[in-house]
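Residue-level structure breakdown
For reference, the chains in residue letters:
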Amino acid sequence: MKNLTLPNTLTVLRIIAVPVFVISVLAENKWLPVFIFAFCILTDFFDGMLARVMKKRTQLGALLDPIADKFLLISSFIVFAALKKIPLWIPIVVITKDIIVFLGWWLRFHITGNSVVSPTFFGKATTVLEMVVIFSILINIFPRTINTIIYLMLFVIIISTLNYTFSGIKEIEKK
């Protein structure tokens, strides 16, 4: 089980935690979703750091880590929209961004043969801001503050999506 490293185990635990998180939010449990989400954020940070420090980067980890992030973030936004804690357009924007980036990756891969996507500053900033928005909703901070963070997140989503799109176009044009 060469791929079952500590970093990959943390990623798998994060994936398993997502349904528990969703159920706890839907059950309107006050603190359990906060702790589960904090666990997910911490394991997301530590799995990447440990993979680098321990020199345990694997293809499985490179595949599972972004899937775990998307599973957690998209599920969170959908649940919060269903509970009317955020408007429906927010998960639509987040999901649309992920679809555009995935389709761009797929197209680039089929044209160039390159499957590697290096995370950019704006890509990482998008993920962090999405996590901050969700955490802010969970701890019920002031609505104006949440709205400000949401609009900042949306701005960074646009920049990130354009960044990935233009870099993919450049790589395809070189081919």
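The structure reproduced in this document is the subject of the present report. (Residues numbered from 1 in each chain as written. Predicted model: local features only at pLDDT ≥ 70, side-chain atom pairs only at ≥ 80, totals over all residues. Heavy atoms only, no water.)

Before going further, it helps to examine the overall build of the chain. Scanning the chain from N- to C-terminus turns up 6 helices and 0 strands. Reading the chain from its N terminus to its C terminus gives the helix and strand order α-α-α-α-α-α. The C-alpha atoms of the chain give 17 Å as radius of gyration, which agrees with the globular expectation for 175 residues (16 Å, within 12%). Taken along the three principal axes of its C-alpha coordinates, the chain extends 50 × 40 × 25 Å. (Helix = DSSP H or I, 4+ residues; strand = E, 2+ residues; numbered from the N terminus. Rg over C-alpha atoms; globule rule 2.2 N^0.38 Å.)

Taken together, Ile99, Phe102, Leu103, Trp106, Leu107 and Ile111 make up a surface patch of nonpolar side chains, about 570 Å² in accessible area. Its location among the elements puts phenylalanine 102 in helix α4 (residues 89-112). (Patch = residues over 30% accessible without salt bridge, like charges linked within 9 Å, V, L, I, M, F, W, Y side chains within 5 Å. Areas by Shrake-Rupley, 256 points an atom, 1.4 Å probe, with all protein chains shown as cover. Salt bridge = Lys/Arg side-chain N within 4 Å of Asp/Glu carboxyl O.)

Two numbers describe how helix α2 (residues 32-53) lies on helix α5 (residues 121-139): the axes approach to 10 Å, and their chain directions differ by 160°. The angle between α2 and α5 falls in the class roughly antiparallel. In the packing of α2 onto α5, the handedness of the crossing is left-handed. Together, Pro33, Val34, Phe37, Ala38, Ile41 and Asp44 of α2 and Met131, Ile134, Phe135, Leu138 and Ile139 of α5 make up the contact between the two elements. For the contact of α2 with α5, the class distribution of residues is 10 nonpolar, no polar and 1 charged. (Axes fitted to C-alpha atoms, helices over the stretch in contact; angles between N-to-C directions. Parallel < 35°, antiparallel > 145°, perpendicular 65-115°, else oblique. Left-handed = near helix turned anticlockwise from the far one by under 90°. Contact = heavy atoms within 4.5 Å. Nonpolar A, V, L, I, M, F, W, Y, C, P; charged D, E, K, R; others polar.)

A word on the side chain of arginine 14. Tracing the chain through its elements places arginine 14 in helix α1 (residues 6-26). Relative accessible area serves as the criterion here: at 0%, arginine 14 is assigned to the buried category. A polar contact of 2.7 Å, which involves the side chain of arginine 14, links it to the side chain of aspartate 47. Reaching out from arginine 14, the side chain makes a polar contact with the side chain of aspartate 69 at a distance of 3.1 Å. Excluding residues that lie within four positions of it along the chain, arginine 14 makes contacts with Phe39, Cys40, Thr43, Asp44, Asp47, Asp65, Ala68 and Asp69. (Buried < 20%, exposed > 50% of the residue type's maximum accessible area, 1.4 Å probe, protein only. Polar contact = N/O pair within 3.5 Å; in protein donor to acceptor, adjacent residues only side chain to side chain.)

Glancing now at the side chain of threonine 43. Note on placement: threonine 43 falls in helix α2. If near-sequence neighbours (up to four positions away) are discounted, threonine 43 is found in contact with Leu10 and Arg14.

A separate point is the packing of aromatic side chains. Under the defined criterion, the tally for this structure stands at 7 aromatic pairs. Each member of the aromatic cluster is reached from another via a ring pair, and the members are Phe21, Phe37 and Phe135. (Phe/Tyr/Trp six-rings, centres within 6.5 Å; stacked < 30°, edge-to-face > 60°.)

Okay, unusual backbone geometry next. Not every positive phi belongs to a glycine, and glutamate 28 is a case in point at roughly 60°. Within the element layout of this structure, glutamate 28 appears in the loop between α1 and α2. One non-glycine residue with positive phi stands out, namely lysine 84, at about 65°. By secondary structure assignment, the location of lysine 84 is in the loop between α3 (59-82) and α4.

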